Each structure stands twice: as structure tokens, then as C-alpha cells.
Amino acid sequence: MTTVFVSHGAPSLILEPGQTGQMLAHLAASLPRPDAILVVSAHWDTRVATVSLAAHPATIHDFSGFPAALYDIRYPAPGAPALAELVMALLQANGIAVHSHAERGLDHGAWVPLALMYPEADIPITQLSIQSRSTTAEQFALGQALQPLHAQNVLILASGAVTHNLSDFFSAERDAAPLAYVESFADWVATQLHTQQAQTLLNYRLVSEHGSQAHPSEDHLMPLFVAAGSGQGAPRRFTPETTYGILAMDAYVWESA
């Protein structure tokens, strides 16, 4: 199995999947079927790495101001407490502090892309939190500790955003022309991943031209560092579209894991 990073966009992606939804469905169909999925979402952010032990994770509607139909959607996938225990053991073995949460459900960073990739909701899933207050290197190391999961046929799905500056939101049109820095930074990230320049990627705020503008806060890019740590080799890039002019919907698959 392998690691996948997706840019999950706005919660309304599930109602307006567009080219991103088509790409995610195709991507999932192209992969071997996983026995379980570990999701690392930008929308569960804790000081210490935390994994969910929920046997029946609830669908969390952690947003407001969207169409009513969005709040009626449920993604009733079974939980994966055995996988959660394995994740805890791997992190502890690598000297990474980890906590567990008995009931944590699936936030929209998890269930929105999952519903487009695996609409049957029949694969066991658990979530692992990010730590945006830590360093990019620490999130990369967390991903490295998760590499043995691939041998257990576990898909690691990291869900965040390649670009995520909501203060630059300027249009309610889904297909608005992207701001120049959005494509520039997305391409810069792609170059670092393709050439396997991990250290440069981790130092993106210092060495890239648009890193701070693309990510005023780091929470939505942290899953990418986890993915880069857990993936092996150079990933394949998907560039389905940019939404609302500011959200590059890039995805990456580490196929040689």
C-alpha cells in the first residue's frame, strides 16, 4: 500500500466535486484496495499526536454557513481501533509522544475526500491528528514512523491543502482564475517533491517566494510533511483544478512505497 496526499478544498466539494471529484474517484480505483485507512487531517490539530479509538466514528460537520444539504451527509465507515493501537505502538517505538481519543469522529478533511474516493464507506478508518505548533521536521519524522503501515495494506491518506490563504478569498465563483502566487507556490512544492528535496520543502517559509502568503498558518500544509515522510520515492502529481482562485487542488501519490 502507499501514501496519498489530497487537497480537500471547501466542505462543499462533496456537493460540487468537479474535476477534483473525478480525479479522486479515478485515483482510488487505480490503487489496490486497502484493508484499512489512516487519515491525517488538517482539521484535527492537537499539541500531542492523538489517534482515534472510535469503533463507529461519527461524521463531524465542523463548518458553518454552507448549504443545508451538506449537514445531512453521513459517512458511516467502521472505525479501526486495532489500527489505532498499531499507530500508537509505532510512534512510541520512535520516541514520539502519542495520546488516544476514545470517540473522535471523522472531520470534513477526512470524510469529504473519502466519500469521493470510497463512497461505499466500507473500509475501516481511524484518524491521527497533526501538530501545527510543532515543526515541519517533526511532522516529517512522524510520517517516517508510519512507514511500516504500508506492509499491513494500510493506506495513509493525508488531507490538507497545497495553498490555503482564506484571507485572499475574493470570489464565490468556484472556477475563478487563480491568483498568480497560488500556481507559483504549488509548482514550487511539486519541484521539491519530484526532486526529493525534503530539507528544502521543510524550510519552505524561508526559501520559497510565496510560502508565507500561501500559508499564513501552517495547519493545512502539515499533512503534506507527514505524507512526504511516510511516502518513499518521488510522488506522482495530480493537478485537477484550482477552486475559488486560491485553493490549488493538487494531490500526490507515492507509488513506490
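Calculation notes
Residues numbered from 1 in each chain as written. Predicted model: local features only at pLDDT ≥ 70, side-chain atom pairs only at ≥ 80, totals over all residues. Heavy atoms only, no water. Helix = DSSP H or I, 4+ residues; strand = E, 2+ residues; numbered from the N terminus. Rg over C-alpha atoms; globule rule 2.2 N^0.38 Å. Buried < 20%, exposed > 50% of the residue type's maximum accessible area, 1.4 Å probe, protein only. Contact = heavy atoms within 4.5 Å. Areas by Shrake-Rupley, 256 points an atom, 1.4 Å probe, with all protein chains shown as cover. Lys, Arg positive; Asp, Glu negative; His and termini not counted. Charge placed at Lys NZ, Arg CZ, Asp CG, Glu CD. Polar contact = N/O pair within 3.5 Å; in protein donor to acceptor, adjacent residues only side chain to side chain. Expected span 1.5 Å × (residues − 1). Arc of directions from axis to C-beta. Core = buried A, V, L, I, M, F, W, Y, C linked by side-chain atoms within 4.5 Å. Axes fitted to C-alpha atoms, helices over the stretch in contact; angles between N-to-C directions. Parallel < 35°, antiparallel > 145°, perpendicular 65-115°, else oblique. Nonpolar A, V, L, I, M, F, W, Y, C, P; charged D, E, K, R; others polar.

Remarks on the overall build of the protein
The helix and strand tally for the protein stands at 10 helices and 10 strands. Computed over the C-alpha atoms, the radius of gyration of the protein is 17 Å, within 12% of the 18 Å expected from 2.2 N^0.38 for a compact globule of 257 residues. Summarising its shape, the C-alpha atoms of the protein cover approximately 45 × 45 × 35 Å along the three principal directions. Within the protein, the proportion of its 257 residues that are buried is 58%. The long-range fraction of contacts in the protein, counting pairs at least 24 apart against all pairs at least 6 apart in sequence, stands at 81%. Carbon together with sulfur atoms contributes 52% to the accessible area of the protein, which is approximately 10,300 Å² in total. Here the protein contributes 9 positive and 22 negative side-chain charges, whose respective centroids are spaced 4 Å apart.

Some points on the side chain of Asp107
Mapping Asp107 onto the fold places it in the loop between β4 (98–101) and α4 (108–117). At a separation of 2.7 Å, a polar atom in the side chain of Asp107 contacts the side chain of Arg104. Engagement of the side chain of Asp107 in a polar contact is seen with the side chain of Gln127, the distance being 3.0 Å. Among all residues touching Asp107, those that are not within four sequence positions of it are Ser41, His43, Trp44, Ile60, Asp62 and Gln127.

Things to note about the environment of Arg133
Tracing the backbone through its elements, the reader meets Arg133 in the loop between β5 (125–130) and α5 (136–145). For Arg133, a relative accessible area of 53% corresponds to the exposed category. Taking the C-alpha atoms as reference, Arg133 lies 18 Å from Ala227; in sequence the two are 94 residues apart. The contacts of Arg133, once residues within four sequence positions are left out, are Asp45, Thr46 and Arg47.

Considering unusual backbone geometry
Of note, Ala121 is a non-glycine position whose phi angle comes to about 55°, a positive value. Along the polypeptide, Ala121 turns up in the loop between α4 and β5. By relative accessible area, which is 7% here, Ala121 ends up buried.

With respect to α4
Along α4, 10 of the 10 residues are buried, which leaves the element largely enclosed by surrounding structure. Within the span of α4, buried status applies to His108, Gly109, Ala110, Trp111, Val112, Pro113, Leu114, Ala115, Leu116 and Met117. Packing partners of the buried residues in α4 comprise β1 (3–7), α1 (18–30), β2 (36–45), α2 (68–71), β5 and β6 (154–160).

Examining the side chain of Ser12
If you trace the backbone, Ser12 turns up in the loop between β1 and α1. Each residue touching Ser12, except ones within four places of it in the same chain, is listed here: Phe66, Leu70 and Tyr244.

Some points on helix α3 (residues 81–93)
Spacing of three or four residues puts side chains on the same side of an α-helix, whose turn is 3.6 residues. Its 13 residues give α3 an end-to-end C-alpha distance of 18 Å, which sits within 8% of 18 Å, the value for a rise of 1.5 Å per residue. For α3, the complete set of buried residues consists of Leu83, Ala84, Val87, Met88, Leu90 and Leu91. Burial along α3 is one-sided: seen end-on, the buried residues are contained in an arc of 165°. Exposed residues pointing more than 90 degrees away from the buried face of α3 are listed as Ala82 and Ala93. The elements touched by buried residues of α3 are β2, β3 (49–52), β4, β5, α5 and β6.

Observations concerning the nonpolar core
Core analysis: the biggest nonpolar cluster contains 48 residues, and Val87, Leu91, Leu128, Leu146 and Leu149 have the highest contact counts within it. Ranked by residue count, the leading element in this core is helix α6 (residues 180–194), at 8 residues. For Leu149, the contacting residues outside a window of four places in its chain are Leu38, Leu83, Leu86, Val87, Leu90, Val154 and Ile156. Counting residues in each nonpolar core, the second largest holds 38 residues, with Val39, Ile123, Leu155 and Tyr244 among its members.

A word on the packing of α1 against α4
Two elements in contact, α1 and α4, have axes separated by 7 Å at closest approach and are oriented at 65°. By the criterion of interaxial angle, the relationship of α1 to α4 is roughly perpendicular. In contact with Gly21, Leu24, Ala25, Leu27 and Ala28 of α1, α4 contributes Pro113, Leu116 and Met117. Class assignment of the residues belonging to the contact of α1 with α4 gives a composition of 7 nonpolar, 1 polar and no charged.

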